[in-house]
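Residue-level listing of the chains:
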Amino acid sequence: MVEKFINKKIKDLILEEKEEIKKFLIEIFKDNSSYKNTVYTNPDLNECLLLYIENKLVGHISITKRIINYKNKQYLVGGIGDVAIDKEYREKGFGNKLMKEVNKILKEGNYDLGILFNHPKLDNFYSSCDWIPKDNGKIFATVNGILEDQMRTFLLPINLTEKDLEVWKNEDINIGNGSW
Ligand SMILES: CC(C)(COP(=O)(O)OP(=O)(O)OC[C@H]1O[C@@H](n2cnc3c(N)ncnc32)[C@H](O)[C@@H]1OP(=O)(O)O)[C@@H](O)C(=O)NCCC(=O)NCCS
């Protein structure tokens, strides 16, 4: 079984690749009826990590790159989204491998931290990928002009002091316009 991880900037994707990714994601998130209208529309979407097995797209994660200002400090944040593994390939460790690759990309890209929003049933999955839960405070984003609580949040601390980490773990923080 030939596994291939490919990391691409969104601006370098050709039309066919983008269409293949969108089709893959819409199938995975088909329970969310509005998903197809918003997939790959986020203007801060910077890059994606793709997993191909025998030349078939079976895994995807996107990274939104955003500078967030909070209490007179600037943080370069990697917003992780659309974490997806083809149904046929789940529970075999591929999700974990893909997340670990993303962790490397964020570290090598000099991000200060990673942030993702998840369903609580996936807490164990994200903990097993070395991310930590934000157990206090909330993350807000402005979505369609309305300030929204982003609910369950996990963090990947990279270039954070202990004090910064306490801030991110405990305080209410607004990540600006749009979520991921
Ligand atoms: C979430 C997802 C990416 C996990 O991929 P995967 O390849 O199945 O994950 P892994 O095989 O690496 O699993 C790692 C661990 O997480 C657990 N896990 C994975 N999916 C889970 C789920 N839906 N519910 C509970 N636990 C789950 C696995 O049991 C495994 O635990 P273990 O190591 O103790 O056995 C995949 O289930 C998926 O694409 N789901 C649909 C899309 C989705 O919900 N994305 C996440 C949005 S936040």
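Structure: see above.
A. Examining the nonpolar core more closely. By size, the foremost hydrophobic cluster in this structure holds 36 residues, and its most contacted members are Ile61, Val102 and Trp131. For this core, the leading source of residues is strand β4 (residues 73-85), giving six residues. In this structure Val102 touches Leu49, Ile61, Ile63 and Ile80, once residues within four positions along its chain are discounted.

B. Region of interest: the environment of Asn159. Looking at the element boundaries, Asn159 is found in the loop between β9 (153-157) and α5 (162-170). Residue classification places Asn159 among the partly exposed residues on the basis of 13 C-beta atoms within 10 Å.

C. Structural context of the environment of Phe117. Along the chain, Phe117 falls in strand β5 (residues 113-117). The exposure class of Phe117 is partly exposed, given the 18 C-beta atoms found within 10 Å. Phe117 sits 67 residues away from Leu50 along the chain, and the two C-alpha atoms are 20 Å apart.

D. Structural view of the site of the ligand. Close to the ligand lie 18 residues; Arg90, Gly95, Asn96, Asn118 and Phe125 are nearest. Only β4, α3 (94-108) and α4 (123-127) provide two or more residues apiece to the shell around the ligand. Across the shell around the ligand, the residue classes break down as seven nonpolar, seven polar and four charged.

E. Fine view of the sheet that holds strand β1 (residues 3-9). Reading across the sheet, the seven strands line up as β1-β2-β3-β4-β5-β9-β6 and stay open at both edges, with mixed pairing between neighbours. This sheet does not close on itself; its edge strands, each paired only once, are β1 and β6 (132-133). Here β4 runs beside β5; their pairing, made up of four bridges, is parallel. The partner of Ile80 across the bridge, within β5, is Leu116. Relative to the sheet, helix α1 (residues 15-28) contacts β2 (45-53), β3 (56-70) and β4, its axis offset from that of β3 by approximately 90°.

F. Highlighting unusual backbone geometry. Non-glycine residue Glu91 carries a positive phi angle of around 60°. Counting through the fold element by element, Glu91 comes out in the loop between β4 and α3. By C-beta crowding, Glu91 is classed as exposed, having 7 other C-beta atoms within 10 Å.

G. Molecular detail of the environment of Glu54. Within the secondary structure layout, Glu54 lies in the loop between β2 and β3. Separated by 14 residues in the primary sequence, Glu54 and Ile68 place their C-alpha atoms 39 Å from one another. For Glu54, the contacting residues outside a window of four places in its chain are Met1 and Val2.

H. Molecular detail of the sheet that holds strand β7 (residues 139-143). Here we have three strands laid out as an open sheet, ordered β8-β7-β10, and mixed in their pairing. With one partner strand each, in any of the chains shown, β8 (146-149) and β10 (173-177) form the two edges of the open sheet. Across the sheet, the axes of successive neighbouring strands diverge by a mean angle of 30°, strand direction being ignored. Across three bridges, β7 lies against β10 in parallel orientation. Within β10, the position partnered with Thr142 by the bridge is Asn177.

Basis of the calculations
- Residues numbered from 1 in each chain as written.
- Predicted model: local features only at pLDDT ≥ 70, side-chain atom pairs only at ≥ 80, totals over all residues.
- Core = buried A, V, L, I, M, F, W, Y, C linked by C-beta atoms within 7 Å.
- Buried ≥ 20, exposed ≤ 12 C-beta atoms within 10 Å, placed from the backbone.
- Helix = DSSP H or I, 4+ residues; strand = E, 2+ residues; numbered from the N terminus.
- Contact = placed C-beta atoms within 7 Å.
- Near = placed C-beta within 6 Å.
- Nonpolar A, V, L, I, M, F, W, Y, C, P; charged D, E, K, R; others polar.
- Pairing = 2+ DSSP bridges.
- Axes fitted to C-alpha atoms, helices over the stretch in contact; angles between N-to-C directions.

Just distances and angles here, no functional claims.
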